[in-house]
Amino acid sequence: MSPAFRAMDVEPRTKGILLEPFVHQVGGHSCVLRFNETTLCKPLVPREHQFYETLPAEMRKFTPQYKGVVSVRFEEDEDRNLCLIAYPLKGDHGTVDFVDNSDCEPKKFILLENLTSRYEVPCVLDLKMGTRQHGDDASEEKAANQIRKCQQSTSAVIGVRVCGMQVYQAGTGQLMFMNKYHGRKLSVQGFKEALFQFFHNGRYLRRELLGPVLKKLAELKAVLERQESYRFYSSSLLVIYDGKEWPEVALDSDAEDLEDLSEESADESAGAYAYKPIGASSVDVRMIDFAHTTCRLYGEDSVVHEGQDAGYIFGLQSLIDIVTEISEESGE
């Protein structure tokens, strides 16, 4: 049994943390909340919790860092407004050392790395991966509904569809959005155009991001090809980069003279400065949402799959092919 479900001793009340809305969630069903600058909080699903606690080491770089479990409950503030308050754990991952459950039964939530925290203007693409979305435990009605969604979208054809997107438009200084309903209606050509749009800031294509994205997609594909028995049904893949581009400083410039350098001043002194492509470190590719993931390590599952998750890997290869096409057509 997971440590998060061990009996919990009631201790004197400690100060909780007010959970706030997470504004960069572009897809998914469950509500994701902001725990602090670098950490998010989402409802604990036992299957997803088990995934993070048994995660193969080579997959960790492609998933959010798992930070443990907290207890969350509704409480009134001084103005009698209902708020969600989290009581963090004191010990190691998954061990809940304190829960005050004197007033109402708390819910267990998990803490995960906020993948957008290091970006000033996060551009986020949420892709629903695989040719099948329903879990082995889905009802007939649920399975039929998910099968229909796949058949009516690019999921059935290329193993991936757009679930949500936000991308910075440099001309207006605003974010442009696409939701899952629009994503389901896209043809394969429409999907390719959506990917192009994701890497385009309204003025030009961010070509410097395409190579690093392709490299990480290929690395992830190689990792998943080595995973035996896993099925990542209904999981998503996030691609994240910073819409903010930083100016490159001339090598012979004095640092003190550049403290107040702005984008405007950089434009005016184009002979001395140029915009520097941020590079590979600016692009993140991560798998998320494992509520329907299964593996032979999950002993209670009635269905045990063999081999690789071919549907997910097929979607990754389709994604690699399409990004490669965009790169070649743009002269990268």
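Think of each chain on its own: its residues are numbered from 1, step by step along the sequence as written. It should be noted that, the model being predicted, local features are given only for residues of pLDDT at least 70 and side-chain atom pairs only at 80 or more, the latter also being counted only at that level, while totals for whole chains, interfaces and linings use all residues. Side-chain metrics rest on all non-hydrogen atoms present in the structure, leaving aside hydrogens and water.

Going by what an unreviewed UniProt entry lists, the protein chain is known as Kinase and is assigned to Sciurus carolinensis. UniProt positions are given in the numbering used here, feature names are shortened, and annotations may be inferred rather than shown by experiment. Looking at the Sequence similarities (unreviewed entry) heading of the UniProt record, one finds this comment for the protein chain: "Belongs to the inositol phosphokinase (IPK) family."

Novice: I'd like a description of the overall build of the protein chain, backed by residues and values.
Specialist: Per the secondary structure count, the protein chain includes 8 helices and 16 strands. Across the 332 residues of the protein chain, 48% fall into the buried class. Look at the contacts in the protein chain between residues 6 or more apart in sequence, and 78% of them connect residues 24 or more apart. Strands here are runs of E lasting at least two residues and helices are runs of H or I lasting at least four, both read from the DSSP assignment and numbered beginning at the N terminus. Whether a residue is buried, partly exposed or exposed follows from its accessible area with a 1.4 Å probe, protein chains only, as a fraction of its type maximum: under 20%, in between, or over 50%, in that order. Note on contacts: a residue pair is in contact if any heavy atoms of the two residues lie within 4.5 Å.

Novice: I'd like a rundown of the packing of helix H5 (residues 188–198) against helix H8 (residues 310–329), residues and numbers included.
Specialist: Fitted lines through C-alpha atoms serve as axes, helices being fitted only where they are in contact, and the angles separating the N-to-C directions of these axes extend from 0 to 180 degrees. Two elements in contact, H5 and H8, have axes separated by 10 Å at closest approach and are oriented at 60°. Pair H5 / H8 crosses with right-handed handedness. For the pair H5 and H8, the contacting residues are Phe191, Lys192, Leu195 and Phe196 in the first and Leu319, Ile322, Val323, Glu325, Ile326 and Glu329 in the second. All amino acids are sorted into three groups, where Ala, Val, Leu, Ile, Met, Phe, Trp, Tyr, Cys and Pro are nonpolar, Asp, Glu, Lys and Arg are charged, and the leftover types, Gly among them, are polar. For the contact of H5 with H8, the residue count by class is 7 nonpolar, no polar and 3 charged. The handedness criterion is simple: a crossing whose near helix is rotated anticlockwise from the far helix by less than a right angle is left-handed, and one whose near helix is rotated clockwise is right-handed.

Novice: An account of the environment of Arg231 is needed here, citing residue identities and associated values.
Specialist: As for its placement among the helices and strands, Arg231 is situated in strand E11 (residues 231–233). Separated by 62 residues in sequence, Arg231 and Thr293 place their C-alpha atoms 5.6 Å apart. Contacts of Arg231, omitting those with residues within four sequence positions, involve His292, Thr293, Thr294, His305, Glu306, Gly307, Gln308 and Asp309. Here the side chain of Arg231 touches Gly307 through a polar contact of 3.1 Å, landing on its backbone oxygen. In protein, a polar contact requires one atom able to donate a hydrogen and another able to accept it; more generally it is a pair of N or O atoms within 3.5 Å, and residues adjacent in sequence count only if both atoms are side-chain atoms.

Novice: Describe the sheet that holds strand E2 (residues 20–21), and please don't skip the residues or the numbers.
Specialist: Strand order in the open sheet formed by 7 strands is E1-E6-E5-E7-E4-E3-E2, and the pairing between neighbours is antiparallel. With one partner strand each, in any of the chains shown, strand E1 (17–18) and E2 form the two edges of the open sheet. We call two strands paired when DSSP finds no fewer than two bridges between them.

Novice: Account for the sheet that holds strand E12 (residues 236–242), naming residues and giving values.
Specialist: Two modes of strand pairing occur in sheets, parallel and antiparallel, and in both the strands are linked by backbone hydrogen bonds. Taken together, 5 strands build an open sheet; the order of strands is E10-E9-E8-E12-E15 and the sheet is antiparallel. At either margin of the open sheet sits one strand with a lone partner, and together these are strand E10 (174–178) and strand E15 (284–288). This sheet shows a mean twist of 15° between the axes of neighbouring strands, independent of strand direction. Here strand E8 (residues 122–129) pairs with E12 via 7 bridges, running antiparallel. In the strand pairing of E12, Leu125 is matched with Val239.

Novice: An account of the environment of Glu37 is needed here, citing residue identities and associated values.
Specialist: Within the element layout of this structure, Glu37 appears in the loop between strand E3 (33–36) and strand E4 (39–43). Separated by 80 residues in the primary sequence, Glu37 and Ser117 have C-alpha atoms spaced 6.4 Å apart. Not counting residues within four places of it along the chain, the set of residues in contact with Glu37 comprises Asn114 and Ser117. Of note is the side chain of Glu37, whose polar atom sits 2.8 Å from the side chain of Arg34.

Novice: Hey, could you go over unusual backbone geometry for me, with residue numbers and the actual values?
Specialist: Negative phi values dominate among residues other than glycine, just as trans dominates among peptide bonds. Phi is positive for Ser234, which is not a glycine, with a value near 65°. As for its placement among the helices and strands, Ser234 is situated in the loop between E11 and E12. Given a relative accessible area of 17%, Ser234 falls into the buried group. Backbone geometry places Asp289, a non-glycine residue, at a positive phi of 65°.

Novice: Can you break down the state of the cysteines residue by residue, with the values?
Specialist: A disulfide bridge is the covalent bond that connects two cysteines by way of their sulfur atoms. The term disulfide is used for any two cysteine sulfur atoms that are within 2.5 Å. Summed over the entire model, instances satisfying the criterion amount to 0 disulfides. With no disulfide of its own, Cys31 lies 9.5 Å from the sulfur of Cys41, the closest cysteine sulfur.

Novice: Which residues make up the environment of Gln308, and what values do they have?
Specialist: Tracing the backbone through its elements, the reader meets Gln308 in the loop between strand E16 (292–294) and H8. Between the C-alpha atoms of Gln308 and Glu225, which are 83 residues apart in sequence, the distance is 5.9 Å. Among all residues touching Gln308, those that are not within four sequence positions of it are Leu224, Glu225, Gln227, Tyr230, Arg231 and Ile313. At 2.9 Å, the side chain of Gln308 forms a polar contact with the backbone oxygen of Glu225.

Novice: Could you give an account of helix H2 (residues 140–151), with specific residues and numbers?
Specialist: The span one expects for a helix is its residue count, reduced by one, times 1.5 Å. Taking 1.5 Å of rise per residue, 12 residues should cover 16 Å, and H2 covers 16 Å from first to last C-alpha, within 8% of that figure. For H2, the set of buried residues is Ala143, Gln146, Lys149 and Cys150. Around the axis of H2, the buried residues are gathered within 125° of arc, so they sit on the same side. What points out from H2, more than 90 degrees from its buried face, is the exposed set Glu140, Glu141 and Gln151. On the buried face of H2, the contacting elements are helix H3 (155–158), strand E9 (160–169) and helix H4 (180–185). Here the arc refers to the directions that run from the helix axis out to each C-beta atom.

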